[in-house]
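Geometric and topological summary
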Amino acid sequence: MSDRIPNSFFQENDALFVAKNLLGKTLVRQFEDGIIKRFQILETEAYLGEDDLACHASKGKTPRTSVMYEEGGLVYVYLIYGMYWMLNIVTGSKDHPQAVLIRGISSCIGPGRVGNQLKIDKSFYGENLELSDRIWIENSDFSGEILQTPRIGIEYAGDIWKNKPWRFILIPD
DNA sequence: ATAATGATAGCG
DNA sequence: GCTATCATTATT
């Protein structure tokens, strides 16, 4: 009963739309041992292009950010504070660097915990969500209330970008 | 409140 | 090369 979201969804919409619309959807991970686990996406953040000083792409195209310059539907991961892998989904068309950070799923809240739980590491950099056999996203029905707040942990980004309400939280019924 | 922990960007 | 910084979390 799988209903995998095609990459066209990530390519044809910007990070803001995708961040909001990934809430309630099902993040699927098949582990090394073949066990498949499903999680509901509960919290996301949008990072929106080179102008967005909170977005890593504001530094331009580097080895770390290059995947964001590809078409949507790829995975962007990076290590933060030497210990946490952040899981992001690239959105938009080629050369429009954007991504959505997965900050919370049904089993845990907090991007570092998500990376831990899903056993994310550098090998996921550039993973294709439409083709991968270890991580993908499925459509699913849900009901709940959606909250919107400023993004977390980006004090460096300056008032304009720091205050953008680009964090989305689902409170299930 | 702060330590943990290492890749990365920016500077030389 | 060197170093400050970091889309965080567990512990005091």
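Structure shown above.
What comes next is a walk through the structure. The numbering scheme is per chain: residues are counted from 1 as the chain's sequence reads. Chains and ligands are labelled sequentially in the order written, the chains with letters from A and the ligands with numbers from 1. It should be noted that, the model being predicted, local features are given only for residues of pLDDT at least 70 and side-chain atom pairs only at 80 or more, the latter also being counted only at that level, while totals for whole chains, interfaces and linings use all residues. Values shown for side chains rest on all heavy atoms present in the structure; no hydrogens or waters enter the calculation.

Okay, the packing of aromatic side chains next. Whether two aromatic rings pair depends on their centres lying within 6.5 Å, for rings of Phe, Tyr and Trp, where Trp uses its six-membered ring; planes under 30 degrees apart make the pair stacked, over 60 edge-to-face, and the rest tilted. All told, the structure shown has 5 aromatic pairs when counted by the stated rule. Centre to centre, the rings of Phe9 and Phe10 are 5.3 Å apart; their planes meet at 75 degrees, and the pair counts as edge-to-face. There is no split in this pair, since Phe9 and Phe10 are both buried. An aromatic cluster is built from Phe9, Phe10 and Phe17, whose rings are joined through pairwise contacts. The ring of Tyr78 has Arg64 lying over it, and the distance from NZ or CZ to the ring centre is 5.1 Å. Only protein chains enter the accessibility calculation, which uses a 1.4 Å probe; a residue whose area is less than 20% of its type maximum is buried, one above 50% is exposed, and one in between is partly exposed. We count a charge as sitting over a ring when the NZ of a lysine or the CZ of an arginine lies within 6 Å of the ring centre and within 35 degrees of the ring normal.

This paragraph deals with the pairing of strand E4 (residues 84-90). Taken across its 7 residues, E4 has 6 buried, putting it largely inside the fold. In short, DSSP must find at least two bridges between two strands for them to pair. Where helices and strands are cited, they refer to DSSP runs of H or I of at least four residues and of E of at least two residues respectively, numbered from the N terminus. Summarising the sheet, strand E3 (residues 75-80) and E4 pair through 6 bridges and their orientation is antiparallel. Among the inter-strand pairings, Tyr76 is bridged to a residue of E4, identified as Asn88. Following E3, the chain reverses through 3 residues before pairing antiparallel with E4; Tyr81 in that reversal takes a positive phi of roughly 55 degrees.

By secondary structure assignment, the location of Gly153 is in the loop between strand E8 (144-149) and helix H4 (158-162). A relative accessible area of 59% places Gly153 in the exposed class. The spatial distance from the C-alpha of Gly153 to the C-alpha of Leu23 is 20 Å, given a sequence separation of 130 residues.

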